[in-house]
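The primary structure of each chain is shown beneath.
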Amino acid sequence: MNKPDNFISKMFAPIKPLSPGIYHYQAPPDNPDNYRLHLRIEPDGNGLLVINASTVLHLNQTAAEYAYHIVNQTPEKEVISSVKRRYRTKREEVINDFTSFSKQIDLLIHTIDLEPVSYLEFERQAPYSRQTSAPYRLDCALTYRLPEGASQDAAPIKRVDRELSTEEWKSIIDRSWAAGIPHLIFTGGEPTLREDLVELIAYAESLGQVTGLLTNGIKLGDTKYLQAVLEAGLDHVMILLEPDHDASWDSLASFSYWKETLDDDIFVCVHLTITSNNHAAAFELVDKLAQAGVSAISLSTNDPALTSQLEEVREHVDEQDIELIWDIPVPYSNLNPVALELELDDDKEETFQGAGRAWLYVEPDGDVLPGQGINHLLGNFLNDQWESIWAKASGHD
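This structure is a prediction, so every number in the text was calculated from the model and none was measured. (Residues numbered from 1 in each chain as written. Predicted model: local features only at pLDDT ≥ 70, side-chain atom pairs only at ≥ 80, totals over all residues. Heavy atoms only, no water.)

Colleague: When you look at the overall build of the chain in this model, what are you seeing that I'm missing?
Modeller: In terms of regular secondary structure, the chain is built from 11 helices and 15 strands. The buried share of the chain, reckoned over its 397 residues, is 48%. In the chain, the proportion of contacts linking residues at least 24 apart, taken out of those at least 6 apart, comes to 69%. (Helix = DSSP H or I, 4+ residues; strand = E, 2+ residues; numbered from the N terminus. Buried < 20%, exposed > 50% of the residue type's maximum accessible area, 1.4 Å probe, protein only. Contact = heavy atoms within 4.5 Å.)

Shown next as structure tokens:
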């Protein structure tokens, strides 16, 4: 016969969490919403749910289980029976909780035109303040090569002596997915100079990852190439505008036209770097982008002395009702571009930086840095164990 304390221990034993891992659901092509869900179950049973590559929810163990069943399309009767049995609670409570949670997720699924990483949590937290088992995003610098005529200061070309092959990048993509990283951004240099870019986008998408691209956009003006990129499954693109070059504006117009013509569900943002040469005309540039139908803008400067002008341009962007993107990588600069400061809530809680927490940066040779331009080597994604890299990034090594 069991002793009384053993019996009580069994009665009140904690619920065993679901198996850690990453789970993915993409609505079928005939679904008008065309939505995507990524759920990462952490070792402690808590979860991270990414909706449409835009909204990130941190979930407790029970909510993570509800999300698990939504992602796996479990019939509602089975969900109710499973949760009721596991948590020994009333059927009515499970029905009410699951219905409420499902409605909130459905509402977020139907919230369109969100930027690739934003936060809308059930309980407000400072972005990037929670410790997780992996970052939300991996920024992959495929090459530090630059287009002909570009300033050599636009990429740290002296940092690497080789580029990874296609198969080596695929190996990194495999490892990142196995680690639970749901989102990749291909950057550079100029990533469209890699002949295998479309192949790498398609490979990541085939695993279930969300993909983004940072580019000057010139090659996207080629209709055939653009269609190949879109057919590969690219989810979002940031076009790095060169306002003094007609080709940059022509490419933006061409991309916008074909995006609309192909009716492809892709998020488009334009990055504008405020410089000593263009800051006086910055308002006019923003107005021109608004007239071109741009709905999202990223801003930075290559000169710390222009911080006040940057703030004025940010306010003007807001007045034009254009969404401001602040946490996608911007072009490399020896001066480390001054990022826009995330506004704090009234309680003045601390704002955490995302580099090394929410995202990591992989150089063309596989070396891993906390973020672009932060030259603190964490290891090599191709050669070192992921656990070692993440321990160094999160300060546990």
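Colleague: Help me understand the pairing of strand 7 (residues 183-187), please; the structure alone is not making it clear to me.
Modeller: Side-chain direction in a regular strand flips from residue to residue, so the side chains alternate between the two faces of the sheet. Of all 5 residues that make up strand 7, 5 are buried, and the element is covered over most of its length. Burial along strand 7 is two-sided: His183, Ile185 and Thr187 facing one way and Leu184 and Phe186 facing the other are all buried. Relative to strand 7, strand 6 (residues 137-141) runs parallel, the two being bridged by 5 bridges. Counted as the bridge partner of Arg137 is His183 from strand 7. Where strand 7 and strand 8 (residues 210-215) come together, 4 bridges link them in parallel fashion. Considered in strand 8, the bridge of Phe186 is made with Leu213. This β-α-β element, strand 7 to helix 6 (residues 197-207) to strand 8, shows right-handed connectivity. (Pairing = 2+ DSSP bridges. Right-handed = clockwise from strand over helix to strand, strands pointing away.)

Colleague: Explanation requested: the nonpolar core in the structure shown.
Modeller: Buried together is how nonpolar side chains tend to be arranged in soluble globular proteins. Grouped together as the largest cluster of nonpolar side chains are 55 residues, with contacts concentrated most on Leu138, Phe186, Leu360 and Trp386. When residues in this core are grouped by element, the largest group, 5 residues, is from helix 7 (residues 223-232). With sequence-adjacent residues up to four places away left out, Trp386 is seen in contact with Ser133, Ala134, Pro135, Arg175, Ala179, Ile181, Leu360 and Phe381. Leu49, Ile51, Ala63 and Ile109 belong to the second largest nonpolar core, which has 26 residues in total. (Core = buried A, V, L, I, M, F, W, Y, C linked by side-chain atoms within 4.5 Å.)

Colleague: Can you walk me through the confidence of the model for the chain in this structure?
Modeller: When pLDDT is low, close inspection of the predicted coordinates is not appropriate. Summing up the model confidence of the chain, the mean pLDDT is 81 and the portion of residues at 70 or higher is 81%. No element of the chain has a lower mean pLDDT than helix 1 (residues 4-11), at 39, and none a higher one than helix 5 (residues 166-178), at 97. Contacts from residues 1-12, a stretch scored under 50 in pLDDT, to residues over four places away or in other chains number 3 contacts. Scored below 50 in pLDDT, residues 333-352 shows 36 contacts in the model against residues more than four places distant or in partner chains. (pLDDT = per-residue confidence, 0-100.)

Colleague: Sorry if this is basic, but what is going on with the packing of helix 5 against helix 6 here?
Modeller: In a packed pair of helices, the relevant descriptors are the angle between the two axes and the axis-to-axis distance. Two elements in contact, helix 5 and helix 6, have axes separated by 10 Å at closest approach and are oriented at 25 degrees. The angle between helix 5 and helix 6 places the two elements in the roughly parallel class. As helix 5 runs across helix 6, the sense of the crossing is right-handed. Together, Thr166, Trp169, Lys170, Ile173, Asp174 and Trp177 of helix 5 and Glu199, Leu200, Tyr203, Ala204 and Leu207 of helix 6 make up the contact between the two elements. (Axes fitted to C-alpha atoms, helices over the stretch in contact; angles between N-to-C directions. Parallel < 35°, antiparallel > 145°, perpendicular 65-115°, else oblique. Left-handed = near helix turned anticlockwise from the far one by under 90°.)

Colleague: Is there a simple way to explain the environment of Asp97 in this structure?
Modeller: Among the structural elements, Asp97 can be located in helix 4 (residues 91-109). For Asp97 and Ile80, which are 17 residues apart along the polypeptide, the C-alpha to C-alpha distance reads 9.8 Å.

Colleague: When you look at the pattern of salt bridges in this model, what are you seeing that I'm missing?
Modeller: Pairing of side chains with opposite charge becomes possible as their charged atoms draw close. Applying the stated criterion across every chain yields a total of 13 salt bridges. Between Glu65 and Arg86 there is a salt bridge; the shortest N-O distance is 2.5 Å. With Glu65 in helix 2 (residues 61-71) and Arg86 in helix 3 (residues 76-87), this residue pair connects regions lying 21 residues apart in the sequence. The class for Glu65 is buried, based on a relative accessible area of 2%. Of the charged contacts in the structure, one is a salt bridge between Arg145 and Glu163, with a shortest N-O distance of 3.0 Å. One end of the pair, Arg145, is in the loop between strand 6 and helix 5; the other, Glu163, is in the loop between strand 6 and helix 5, with 18 residues separating them in the sequence. By sharing partners, the salt bridges in this structure join Arg145, Glu163, Arg194 and Asp196 into a single network. (Salt bridge = Lys/Arg side-chain N within 4 Å of Asp/Glu carboxyl O.)

Colleague: Explanation requested: the side chain of His58 in the structure shown.
Modeller: Topologically, His58 is positioned in strand 4 (residues 55-59). Owing to a relative accessible area of 13%, His58 belongs among the buried residues under this scheme. Within the structure, His58 has its side chain in polar contact with the side chain of Tyr136 (distance 3.0 Å). (Polar contact = N/O pair within 3.5 Å; in protein donor to acceptor, adjacent residues only side chain to side chain.)

Colleague: Even after reading the chapter, I still don't get helix 3, so can you show me in this structure?
Modeller: For helix 3, which comprises 12 residues, the first-to-last C-alpha distance of 16 Å matches the rise-based estimate of 16 Å (1.5 Å per residue) to within 8%. Turning to helix 3, its buried residues number three or more, namely Val79, Ile80, Ser82 and Val83. Along its buried surface, helix 3 packs onto helix 2 and helix 4. Directly after helix 3, the chain includes Arg88, whose backbone phi takes a positive value near 50 degrees. (Expected span 1.5 Å × (residues − 1).)

Colleague: Where do I start with the side chain of Glu363 in this structure?
Modeller: Turning to its location among the elements, Glu363 is positioned in the loop between strand 13 (359-362) and strand 14 (367-369). A polar contact of 2.8 Å, which involves the side chain of Glu363, links it to the side chain of Tyr144. Discounting chain neighbours no more than four positions away, the residues touching Glu363 are Ala141, Tyr144, Arg159, Val160, Trp169 and Leu369.

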